[in-house]
Each structure stands twice: as C-alpha cells, then as structure tokens.
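# Structural overview for review
So you can see what is in the structure, the chains are spelled out below.
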Amino acid sequence: MISAIKKFVDLGTDASLSDDLNRRIRVVNMFSAVGMTVTFLLGFRALFAQETFLTCVLFSATILFAISHKLQAMIGAKRGSFISATVLIACLMSLMLILVVTGGSENTGPLWIFTVPSVTMFFTGFRRGLMALTGFAAVIIVIFFTPDNALLATEYSFEFKTRIVYTFITVSFLSAVYEYSRQRSYNTAVYLSEQFERQARYDPLTTILNRRGGQQQLEQELSRMQRNKKPFSIALADIDRFKSINDTFGHDAGDEVLKKVASVFSSRLRAQDGLSRWGGEEFLFIFPETNEQDARMVTEQIRENLSANAIPVDNKSHRVTSSFGVCEITPSMTLTTALNLADQALYQAKNDGRNKVCTATEHKRKSSR
Ligand SMILES: Nc1nc2c(ncn2[C@@H]2O[C@H](COP(=O)(O)OP(=O)(O)OP(=O)(O)O)[C@@H](O)[C@H]2O)c(=O)[nH]1
C-alpha cells in the first residue's frame, strides 16, 4: 500500500531533474490524488442528491485530475509537469467558477476561491501564476458585477461580492510576494551551490581542474571504459627543476610559470581530453579511447611544444621543461595501479635526464633488464 502511494506520488520524477522540479512534480501528483478523491466523493453525494449537473461536473473533474497525473509520465517530465499543472489549475479554476456562479451550499461557494492563489503560484511559478490569477480575478469580477446578475444563478449582497474580490486580490498579492521571494532564495541557493562546487573542483591559480576534479574525471572515464571496453591513457607531468625557478626568481614568478605551463598544456589538447593540476607542479592528462602508443605521441608533442617556447614572466624568458609518465588503463586495472605505473614511468623519465616521455611499458622493460 505504502509503496503504491509512493509510486503514485513519485510518477514523473527523475534524479536528472532539479530538486525544485521534482518537488513540484510530487506536489502536482499529491494534488491530483486529493482532487480525484474529493471530487469523486462529492460527485457521489451529488448523484444521490439527484443533482445531475453537479454530478457531471464533479465526475468530469475527477477524470481531469486523473488525466493530469498520467500526463506527466506520458509526455516526459519537464513538459509533462507543465501541462499537468496547467490541467490541474484549469480544473480547479473551473470548479471554483461553477461554485461562484451557483453559490454552492448555502451561498458559501465563493469562499473556496481562496485556495486558488497559493496553488496557482506554487504550480506555475511567479510570472505565469500572476497572469493566471489576474485572468481569474477579472472573470470573477465580470461574473459578480454584470448588470442584473445576468451571469449568476444565485444572489449575493454587493458588500459580500466586493469583500470577496478585495480579499481575493490581497491573498493573490501575498501569494505572489511569497512565491517571488521563494524563487529568488532558490535561485540564490542554486547559484551558491554551483559556485562552491566550482571552487571545490577547480584550481584558482591555473583555472584548470584541481586534483579532486581530475579524480572525478578519471572515475567518469573509468566507468565509460567499462561500458565501451575501449582502453584510455593517462599521463603525469612534473615540471623539471621547478624549485630553482622559485628559488631564483621568487614564488610569484613560479606561480606565473605554473599558469603559463597549464595554458601551454591545455592549448595542445583535443576537446575530449582532460587536464588537471594534480599537485604543486604536477599535472594529470586524460586521453579517452587512446592506447599507450598514441598517448605517448601526443605527450611527446606537448613536451616538445613546452620546451621549444620560452615562457615570458616579468620581462624575463624562462626555458621550462617537463617530464612525463604515460600509462594505458585497461578494464582489469584499478585507478590506483594506473596512477602508480604512471608515477613510476615519470620518475624513470626524470632519471633518464628530464624533459623526456616514458611509458609504463618502457619503464617495465627497463627495470626488468
Ligand atoms: N610558485 C609555486 N611553487 C610551488 C607551488 N607548488 C609547489 N611548488 C614548488 O615546486 C617545487 C617542487 O620542487 P621539487 O619537488 O624539489 O622538484 P623540482 O625542483 O621540480 O625538481 P624535479 O622534479 O626533480 O625536476 C617546490 O619548491 C615547491 O615549493 C605553487 O603553487 N607555486
């Protein structure tokens, strides 16, 4: 029973949608359930009281509430939720207009229209809600104040009608203010969480991904490889004798060099490749769907490009080189193993005299000699 209710309420929600949209979809579903139940029970009561018109209206509303619930799943979440919310609001407003025109039980029908502002605002948002409520208020005014009560099937005092209209406008205004500030707060919260997420993944100095961002990229690439079974490669790069740049020209010049090296590295990459700052003067490259030999070739071009062009900082040219360790990752390998192999290859490149590229296979061959 509980799982059936949960299924009904969750219909149309999806983890890929925003929390706000999923929440709206759930509320639309709950509202459909309440609308269906209430109109169905009232429809039965009207049937036994032999009020044919009211019975038809209420049962039609039950059907519309049920349709609005199904629409979300049929049309696809975002558009479906918009259409089903529109059907719900249209259904609610039509019921309210009938209550206003007929007076409902002992002329208390118009009191129900106060449910409209909050529901409309919540389901349709500030702008559309404001337009829908303005239209609804205009129709109510026309129904109430058409000369000789021509559009009313009952009679209300002038005082009652004006009070209802004033109060409705006030409640609508308050609901609009509430929805507006709710939307603003939600947008601010989303903006801040995106900023925090960005700060947590990017390196402020070089503006490329930091280690955390690189690690996430690696995990994404690993799961992609597990799906398509195509190996990919990584390369660890470490700037050669970077300490001497800091010691000779100062830490600020060192920072500038790091920024420029990151930009030289990025400029040689394909759109699908990844680059992150893995540590102080260490960088990680990810080459999707690339075997070790091809990754070696690309890395060799990057190495050549860096060493061939001096980096200008504070009117001085710095010849900067880097060593690289390349490793191909196969489906049977863990990331830790691959990073260790790339690290060992990198230190082999350092031992071989720096400004070199060494692959994990080459390192293995050399160390087994
Ligand atoms: N300016 C600057 N320096 C950094 C940063 N992060 C790490 N470093 C420096 O990078 C230097 C790395 O030096 P080492 O690990 O000794 O290696 P190296 O001098 O590059 O020599 P090899 O790696 O052996 O070629 C250290 O002096 C760190 O202080 C940074 O963000 N900015």
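Right above here is the structure, for reference.
Let us look at the structure shown here. These figures come from a predicted structure and were not determined experimentally.

Scoring rules and cut-offs
Residues numbered from 1 in each chain as written. Predicted model: local features only at pLDDT ≥ 70, side-chain atom pairs only at ≥ 80, totals over all residues. Heavy atoms only, no water. Helix = DSSP H or I, 4+ residues; strand = E, 2+ residues; numbered from the N terminus. Buried < 20%, exposed > 50% of the residue type's maximum accessible area, 1.4 Å probe, protein only. Contact = heavy atoms within 4.5 Å. Areas by Shrake-Rupley, 256 points an atom, 1.4 Å probe, with all protein chains shown as cover. Core = buried A, V, L, I, M, F, W, Y, C linked by side-chain atoms within 4.5 Å. Axes fitted to C-alpha atoms, helices over the stretch in contact; angles between N-to-C directions. Parallel < 35°, antiparallel > 145°, perpendicular 65-115°, else oblique. Left-handed = near helix turned anticlockwise from the far one by under 90°. Nonpolar A, V, L, I, M, F, W, Y, C, P; charged D, E, K, R; others polar. Expected span 1.5 Å × (residues − 1). Near = heavy atom within 4 Å. Polar contact = N/O pair within 3.5 Å; in protein donor to acceptor, adjacent residues only side chain to side chain. Pairing = 2+ DSSP bridges.

## Topic: the overall build of the chain
Each helix and strand in the chain was counted, giving 13 helices and seven strands. When burial is assessed residue by residue, the chain has 41% of its 369 residues classed as buried. Looking at the chain alone, contacts between residues at least 24 apart form 64% of all its contacts between residues at least 6 apart. Surface accessibility of the chain: about 20200 Å² in total, with carbon and sulfur atoms responsible for 60%.

## Re the nonpolar core
Counting 32 residues, the largest nonpolar core has Ile113, Val116, Phe136 and Phe144 as the members making the most contacts within it. Elements with a minimum of two residues in this core: α2 (19-48), α3 (52-75), α4 (77-102), α5 (116-124), α6 (126-145) and α7 (158-201). Not counting residues up to four positions away in its chain, the partners in contact with Phe144 are Val100, Pro110, Asn149, Leu152, Tyr156, Lys161, Ile164 and Val165. Grouped together as the second largest cluster of nonpolar side chains are 28 residues, Ala262, Val264, Leu269 and Phe287 included.

## Brief notes about the side chain of His363
Tracing the chain through its elements places His363 in helix α13 (residues 360-367). Overall, His363 belongs to the buried group, its relative accessible area being 15%. Those residues within four positions of His363 in sequence are excluded, and the remaining contacts are Gln344, Ala345, Gln348 and Cys358.

## Some points on the packing of helix α10 (residues 251-267) against helix α11 (residues 292-308)
Pairs of packed helices are described in terms of their axes, by the angle between the two and the distance that separates them. Two numbers describe how α10 lies on α11: the axes approach to 10 Å, and their chain directions differ by 140°. When the axis of α10 is compared with that of α11, the two are oblique. Between α10 and α11 the crossing geometry is right-handed. Within the contact between the two elements, α10 uses Val261, Val264, Phe265 and Ser267 and α11 uses Ile302, Asn305 and Leu306. Here the contact of α10 with α11 is built from residues that sort into five nonpolar, two polar and no charged.

## Observations concerning α10
Between its terminal C-alpha atoms α10 stretches 24 Å, which fits the 24 Å expected from 17 residues at 1.5 Å a residue. For α10, the set of buried residues is Ala253, Gly254, Val257, Leu258, Val261, Ala262, Val264 and Phe265.

## What about the site of the ligand?
Neighbouring residues of the ligand: 16 residues in total, closest Arg241, Phe242, Asp255, Arg277 and Arg354. Separating a nitrogen atom of the ligand from a side-chain N or O atom of Asp255 is a distance of 2.6 Å. Within the side chain of Glu281, one N or O atom sits 3.4 Å away from an oxygen atom of the ligand. Taking 670 Å² as the accessible area of the ligand by itself, protein coverage stands at 68%. Per-element accounting of the shell around the ligand gives the leading share, four residues, to α10.

## Section: the pairing of strand β1 (residues 232-239)
Here β1 lies mainly inside the structure; eight of its eight residues are buried. Taking every second residue as pointing to the same face, both faces of β1 are buried, with Phe232, Ile234, Leu236 and Asp238 on one and Ser233, Ala235, Ala237 and Ile239 on the other. Across eight bridges, the pairing between β1 and strand β6 (residues 322-329) is antiparallel. Note that in β6 the partner of Ser233 across the bridge is Glu328. As paired strands, β1 and strand β3 (residues 282-287) are joined by six bridges and run antiparallel to one another. If you follow Asp238 over to β3, its bridge partner there is Glu282.

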